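Geometric and topological summary
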Amino acid sequence: MPNTRLLVLFGSQTGTAEDVSERLRREARRRELGCRVQALDSYPVVNLINEPLVIFVCATTGQGEPPDNMKSFWRFIFRRNLPSTSLCQMDFAVLGLGDSSYAKFNFVAKKLHRRLLQLGGSALLPVCLGDDQHELGWPSKFTLKFLQEVPSTCSEELCVAGTDPQGTPSELQPFLAPMVTNQRVTGPSHFQDVRLIEFDITGSGVSFVAGDVVLIQPENTASHVQQFCQALGLDPDQRFTLQPREPGVPCPARLPQPCSIQRLVSQYLDIASVPRRSFFELLACLSCHELEREKLLEFSSAQGQEELCEYCTRPRRTVLEVLCDFPHTAGAIPPDYLLDLIPLMRPRAFSIASSLLAHPSRLQILVAVVQYQTRLKEPRRGLCSNWLASLDPGQGPVRVPLWVRSGGLTFPKTPDTPVIMVGPGTGVAPFRAAIQERVAQGETGNVLFFGCRQRDQDFYWEAEWKELQTRGCLTLVTAFSREQEQKVYVQHRLRELGPLVWGLLDLRATPSTCQLMCRTP
């Protein structure tokens, strides 16, 4: 099929579906089949009527929800007025990526498969359902054309983000928000560093309500960037332009042209991420060192998955650390393959912890700085939280690229509807925004169940809550799990105050919860 065009469209939340899509592209190239790969929301969906062969790779998030980068496509494809013959010329396959431990296993892929059939598409095979619980050479996508002379005007510094963006800030055009304060709010002896960080969003066009989230684009540390460049023999000051090898392959939208290696590694390549199996597969193809290549092939084989888990996944070994463990291979990686080999850095989402009604032109977040130990000597550190914690506006101006999107929490618009909020630990952040907003609007039916370890260590916004209690704007119920021999959590307080909760629900109160992805402290 020399003239057949294959299109792979993916919906990915954490990068797995995108990773699988890139593996499909490489397999297609090895078979001399032209292939394009795009996120579903970046593809003009009306063009599907002209596509002869499409593979959809879709993850399922939350309780059967589509990933963020396919929600616009999802709304369009389920329009009721679409003709039943819309896709009659299209052959397709759907690959779902899910986890069978969840109730709505691969819900998005199943539903999409049925909808494509309804619109006249012809399925090449039944829907394929990947399960995270199961065990289980080619040209580069881009060419890095290095520049011999440094241009007199540095377009790299002028693109991507701005302090005065045109229109509403977004991932392609974030707002460089000045950081106003970066304050530790846990006690000095507390095991975790938690920060209350405030940004000035004056003139940004950023607007938000309680329940919304802010997305922040982090950076790799300077020491990691230097280590990476040394391992691969790259000059961080070398500048380049990026050129796709094939027509129809878009360059990363956020990457400036021209760009320096320093900026590419510090702001775009996710060298602090834990590599996937496909990383070892491609690295093995690029390796010229017999012993290292043999080990990389073992890690990328089906039989080597347990050993790969022990070496990489379980201890959370990073891309950078793996490259340092395979020095001969790392030193021989052609720069053209950097974007094939290493995923692009993803923005991190944080619940907004303030209301514009209480803090005009300000945006606050509560950040738990992630650091933990595995069997590796070096502690594991969360990329974004540690980067934010390292920024000190007291030492000079600090700007952070950010934008806002709607969150999953919604609150009643009727003023007489009470709200029961359950927010242990840093999960209380969006409820602070909600309480500030509701109090500013004169709504006093606010009930907050808050839990933490100790009153004097991690009781966030204690003075603010007590002041609102005094004013009659808030009913606060606390659970300090480590202040007595028997641990007490918010669920115990809910049970103890069952009559109060039931009475509020009888008044049509809205229950809302926000908790950490880990165990309650």
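Along each chain, the written sequence defines residue order, and numbers are assigned to residues from 1. Owing to the predicted nature of the model, reporting of local features is limited to residues with pLDDT of at least 70; listing and counting of side-chain atom pairs is limited to 80 or more, with chain, interface and lining totals taken over all residues. By convention in this description, side-chain values take in all heavy atoms of the structure and omit both hydrogens and water.

Below, the discussion takes up the side chain of Glu-22. You can see Glu-22 is positioned in helix α1 (residues 16-30). In this structure Glu-22 comes out as buried when scored by relative accessible area, which is 14%. If we skip the residues at most four places from it in the chain, Glu-22 touches Val-37 and Lys-141. A run of H or I in DSSP becomes a helix once it reaches four residues, and a run of E becomes a strand once it reaches two; helices and strands are each numbered from the N terminus. When accessible area is computed with a 1.4 Å probe and restricted to protein chains, residues below 20% of their type maximum are described as buried, those above 50% as exposed, and intermediate ones as partly exposed. By definition in these notes, contact holds between two residues if any of their heavy atoms fall within 4.5 Å.

Let us now look at the UniProt feature "binding site: FAD" (unreviewed entry) in the protein. UniProt positions are given in the numbering used here, feature names are shortened, and annotations may be inferred rather than shown by experiment. The UniProt entry lists Arg-316, Arg-348, Ala-349, Phe-350, Ser-351, Gly-382, Leu-383, Cys-384 and Ser-385 under the feature "binding site: FAD" (unreviewed entry), expressed in the numbering used here. For the annotated residues, spread through 70 residues, the largest C-alpha to C-alpha distance comes to 25.4 Å, inconsistent with a single compact locus. Topologically, Arg-316 is positioned in the loop between α8 (305-313) and α9 (319-325). Relative accessible area serves as the criterion here: at 34%, Arg-316 is assigned to the partly exposed category. In contact with Arg-316, not counting residues within four places along its chain, are Val-274, Glu-321, Tyr-372, Thr-374 and Arg-380.

Of all the residues in α8, the buried ones are Gln-305, Leu-308, Cys-309, Tyr-311 and Cys-312. Elements that come into contact with the buried residues of α8 comprise α6 (277-286), α7 (290-300) and α9.

Here the focus is the sheet that holds strand β14 (residues 362-368). Strands are treated as partners if at least two bridges between them are detected by DSSP. Taking strand neighbours across the sheet as the criterion, the six strands line up as β13-β10-β17-β8-β9-β14 in an open arrangement whose pairing is antiparallel. The open sheet has two edge strands, β13 (348-351) and β14, and neither has a second partner. The mean angle between the axes of side-by-side strands here comes to 40°, regardless of whether they run parallel or antiparallel. Two strands pair when backbone bridges link them, and strand β8 (residues 175-184) and strand β9 (residues 194-200) are joined in this way by five bridges, in the antiparallel orientation. All axes are obtained by fitting lines to C-alpha atoms, using only the stretch in contact for helices, and the reported angles, taken between N-to-C directions, cover 0 to 180 degrees.

Taking the numbering used here, the UniProt-annotated feature "domain: FAD-binding FR-type" (unreviewed entry) corresponds to residues 172-412. Within residues 172-412, the helical portion is 30% and the strand portion 21%, while the C-alpha atoms at the span's ends are 32 Å from each other.

Counting buried residues in strand β19 (residues 446-452) gives seven out of seven residues, a clear majority hidden from the surface. Neither face of β19 is open: one carries Asn-446, Leu-448, Phe-450 and Cys-452, the other Val-447, Phe-449 and Gly-451, and all of them are buried. Across four bridges, strand β18 (residues 419-422) lies against β19 in parallel orientation. Paired with Met-421 across the bridge in β19 is Leu-448. For the crossover from β18 across helix α13 (residues 429-440) to β19, the handedness is right-handed. Here β19 runs beside strand β20 (residues 475-480); their pairing, made up of six bridges, is parallel. In the sheet register, Phe-450 faces β20, and the bridge partner there is Thr-478. Seen with the strands pointing away from the viewer, any crossover whose path from the first strand over the helix to the second strand runs clockwise is right-handed.

Turning our eyes to something else, we now look at empty space enclosed by the protein. Vacant regions in the atomic arrangement are exposed by a probe of water-molecule size rolled over the atoms. Throughout, the protein atoms alone are placed on a 1 Å grid, and a set of points is a cavity if a 1.4 Å probe fits but cannot get out or a pocket if it is open with protein on both sides within 12 Å along at least five of seven lines; lining residues have an atom within 4 Å of a point. Grid points are joined across faces, edges and corners, and a volume is the space filled by probe spheres set on the points. Taken as a whole, the largest cavity holds about 30 Å³ of empty space. Around the largest cavity sit Arg-25, Arg-29, Cys-35, Ser-140, Lys-141, Arg-245, Glu-246 and Val-249, which together line it. In the lining of the largest cavity, the residues fall into two nonpolar, one polar and five charged. Basically, the charged four are Asp, Glu, Lys and Arg, the nonpolar ten are Ala, Val, Leu, Ile, Met, Phe, Trp, Tyr, Cys and Pro, and anything else, Gly included, counts as polar.

In the segment running from Gln-257 into Pro-258, the intervening peptide bond is cis, with an omega of -5°. By the secondary structure assignment, Pro-258 is in the loop between β11 (239-244) and β12 (259-260). Its identity as a non-glycine residue notwithstanding, Glu-32 has a phi of 60°, on the positive side. Within the fold, Glu-32 resides in the loop between α1 and β2 (34-39). Take Glu-32: its relative accessible area is 70%, and that puts it in the exposed class.

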